[in-house]
Each structure stands twice: as structure tokens, then as C-alpha cells.
Amino acid sequence: MPRQIDYYFSLQSPWAYIGHKSFRDVVGSYDLRVNHKPVVLVDLFSETGGLPLLKRHPVRQRYRMVELQRWRDKRGLQFKLEPANWPFNARLADGLVIAAIEAGHDPDLFLRRAFASVWEDELNLADASTLIGLADECGLPGKALAERSAGEEIGKIYEQNRQDAMTADVFGSPAYVLDGEVFWGQDRIELLVDALKSGRAPYRS
């Protein structure tokens with residue numbers, strides 16, 4: 001049986017985008033089963049004491065810009081630091097990922113394309129027609145998934161993911177939860193690898 005890892009993220013998150021390929025490389029190397037859990041970030045931030053970007057102190061905002069540039073170089077990416085259509089309401093985009101999973105599709109190809117579309121191509125993922133086009137490019141039934149994404153059933157799963165995140169002590173995106181141990185941020189992927197290599201018991205607080 002492959003080991004399982006819960007992957008909490010939002011398509012709104014630059015850090016989830018920056019870490020996604022590296023995370024998927026780890027998934028492939030260690031034959032992990034991924035439970036994708038898109039989650040609404042604003043609620044997580046507010047419930048756990050965090051602040052939305054524009055409400056943070058300017059010192060923190062400036063440091064974030066430096067970190068984006070460092071990790072852009074580190075991960076070998078090319079993206080805009082302030083893309084034209086960010087921030088955006090991620091409900092429909094995250095919901096489409098959930099709808100794809102519920103329909104039995106692997107969302108990874110769509111996630112790669114969607115992340116790049118925000119940060120590299122500056123597309124608007126709050127726009128249903130844009131999402132449909134991206135999903136179709138990835139071989140998914142875009143129109144059907146977009147329609148389902150907006151529905152109450154997907155909304156309930158999105159909310160359940162938020163509740164699951166809170167229960168798991170997750171407070172941001174991305175977060176990788178292995179055997180109950182939270183690895184928050186794409187800069188913790190190397191620590192996740194260490195845990196997988198060693199086979200150690202999970203650390204507890």
C-alpha cells in the first residue's frame with residue numbers, strides 16, 4: 001500500500017505554484033498517494049491569526065517580494081511577481097479541481113497548467129471560460145467540470161477541506177501532511193523528503 005499525503009493548497013497561492021513540480025517529483029520518487037484538498041485561504045488565515053497580503057506590515061510585504069525572487073531562481077521558474085489577474089476569487093478554480101477528482105480524474109496536469117496560467121501567462125482563473133479552456137487543453141471535460149464546480153455539492157467539499165485543514169493544524173498553502181505531521185510551505189519539501197527517507201515516526205507538538 002502506498003503511503004498517503006494530504007495536500008492542502010489553493011490555485012491562488014504563489015507558493016503552491018512554486019513548489020508544485022518539486023512536490024510531484026517527490027510523490028513519484030516515493031510512490032505516494034496524494035489526497036488533493038483545495039482550501040479557501042482567506043478563511044484559514046483569519047481563523048489562525050494570519051493576515052491577507054495587503055493587511056500585512058510593509059516590511060513583511062517587501063520581504064515576500066524578495067523571497068519570491070529567490071525561490072523563482074531556486075526552482076528554475078519564470079513568472080511575474082505581480083501578475084495582472086492576481087489576486088482573484090479562487091472558488092471556481094479550486095472547485096474545478098475538486099470536481100475533477102470527484103469525477104475520477106487525476107488533477108495534476110490541470111494543476112500544472114492552471115498554476116502557470118496565473119503566474120506566467122497572467123490569465124484570469126476567476127473566469128469560467130478561461131477555466132474551461134484550460135481544462136479542455138488537459139483532456140478534461142471543461143464545461144461539465146466548471147458547471148459542477150459552481151454547485152452546492154462541490155461547495156460542501158470545499159468547506160469540509162477547510163474544516164479538515166483546521167483539524168490537521170494547517171494554516172496556509174501549500175501544506176503537506178504526512179502521518180499527521182504538517183510540512184507548511186514549499187520550502188519544507190526537502191524536510192518532507194528527509195522524513196520519507198528516514199522512515200521516522202512523525203514529530204508531535
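Located above this text is the structure these notes cover.
Everything quoted here is computed from the prediction, not taken from an experiment. (Residues numbered from 1 in each chain as written. Predicted model: local features only at pLDDT ≥ 70, side-chain atom pairs only at ≥ 80, totals over all residues. Heavy atoms only, no water.)

## Examining the overall build of the chain
What the chain contains, in helices and strands, is 9 helices and 4 strands. Starting at the N terminus and ending at the C terminus, the chain contains elements arranged as β-α-β-α-α-α-α-α-α-α-β-β-α. The globule rule puts the C-alpha radius of gyration for 205 residues at 17 Å, and the 16 Å found for the chain is close to it. Referenced to the eigenvectors of the C-alpha coordinate spread, the extents of the chain come out at roughly 45 × 45 × 35 Å. Sequence-distant contacts in the chain: of pairs separated by 6 or more residues, those separated by 24 or more amount to 74%. Accessible surface, the chain: about 10400 Å² in total, of which carbon and sulfur atoms supply 51%. Across the chain, 26 positive and 29 negative side-chain charges occur, with their mean positions spaced 5 Å apart. (Helix = DSSP H or I, 4+ residues; strand = E, 2+ residues; numbered from the N terminus. Rg over C-alpha atoms; globule rule 2.2 N^0.38 Å. Contact = heavy atoms within 4.5 Å. Areas by Shrake-Rupley, 256 points an atom, 1.4 Å probe, with all protein chains shown as cover. Lys, Arg positive; Asp, Glu negative; His and termini not counted. Charge placed at Lys NZ, Arg CZ, Asp CG, Glu CD.)

## Overview of the layout of surface pockets
In this structure, the largest pocket encloses a volume near 1300 Å³. Taken together, 43 residues form the lining of the largest pocket, with Trp15, Phe45, Leu53, Arg56 and Arg64 sitting closest to its centre. Breaking the lining of the largest pocket down by element, the ones donating at least two residues are helix H1 (14–30), helix H2 (41–47), helix H3 (58–74) and helix H4 (91–102). When the residues that make up the lining of the largest pocket are grouped by side-chain class, the tally is 22 nonpolar, 12 polar and 9 charged. Lining of the second largest pocket is provided by Ala168, Asp169, Gly180, Glu181, Val182, Tyr203, Arg204 and Ser205. (1 Å grid on protein atoms, 1.4 Å probe; cavity = no way out; pocket = protein on both sides within 12 Å on 5 of 7 lines; lining within 4 Å. Points joined across faces, edges and corners; volume = space filled by probe spheres on them. Nonpolar A, V, L, I, M, F, W, Y, C, P; charged D, E, K, R; others polar.)

## Considerations on the pairing of strand S3 (residues 175–178)
Both faces of S3 are covered, namely the face carrying Ala175 and Val177 and the face carrying Tyr176 and Leu178. Strand direction decides the pairing type here: strand S1 (residues 4–9) and S3, joined by 4 bridges, are antiparallel. Bridge assignment links Asp6 to a residue of S3, and that residue is Val177. Here S3 pairs with strand S4 (residues 181–184) via 4 bridges, running antiparallel. Counted as the bridge partner of Leu178 is Glu181 from S4. Counting the residues between successive antiparallel strands, the hairpin from S3 to S4 contains 2 residues, one of them, Asp179, with a positive phi of roughly 50 degrees. (Buried < 20%, exposed > 50% of the residue type's maximum accessible area, 1.4 Å probe, protein only. Pairing = 2+ DSSP bridges.)

## Some details on the pattern of salt bridges
This model, assessed by the stated rule, comprises 16 salt bridges. In this structure, Asp108 engages Arg112 in a salt bridge whose closest nitrogen and oxygen atoms are separated by 2.9 Å. Residue Asp108 and its partner Arg112 are both found in helix H5 (residues 108–119); the two are separated by 4 residues, about one turn of the helix. Its relative accessible area of 34% is what places Arg112 among the partly exposed residues. Taken together, the shared-partner salt bridges connect Arg24, Asp108 and Arg112 into one network. (Salt bridge = Lys/Arg side-chain N within 4 Å of Asp/Glu carboxyl O.)

## Concerning the nonpolar core
Grouped burial of nonpolar side chains is what soluble globular proteins tend to show. Counting residues in each nonpolar core, the largest one holds 52 residues, and the members touching the most others are Leu11, Phe23, Phe110 and Leu125. Broken down by element, the residue count for this core peaks at 7 residues, all from H4. Excluding its chain neighbours within four sequence positions, the residues that come into contact with Phe110 are Leu11, Leu96, Val97, Leu131, Leu134, Ala135, Cys138 and Leu140. Formed by 7 residues, the second largest nonpolar core is a distinct cluster that contains Tyr8, Val170, Ala175 and Val177. (Core = buried A, V, L, I, M, F, W, Y, C linked by side-chain atoms within 4.5 Å.)

## Describing the packing of H4 against helix H6 (residues 128–137)
Contact pair H4 / H6: the axes reach a minimum separation of 10 Å and the direction vectors enclose 30 degrees. One finds that H4 runs roughly parallel with respect to H6. For H4 against H6, the interelement crossing comes out right-handed. Residues Leu92, Ala93 and Leu96 of H4 lie in contact with H6, whose contacting residues are Ala128, Leu131 and Ala135. Grouping the amino acids of the contact of H4 with H6 by side-chain chemistry returns 6 nonpolar, no polar and no charged. (Axes fitted to C-alpha atoms, helices over the stretch in contact; angles between N-to-C directions. Parallel < 35°, antiparallel > 145°, perpendicular 65-115°, else oblique. Left-handed = near helix turned anticlockwise from the far one by under 90°.)

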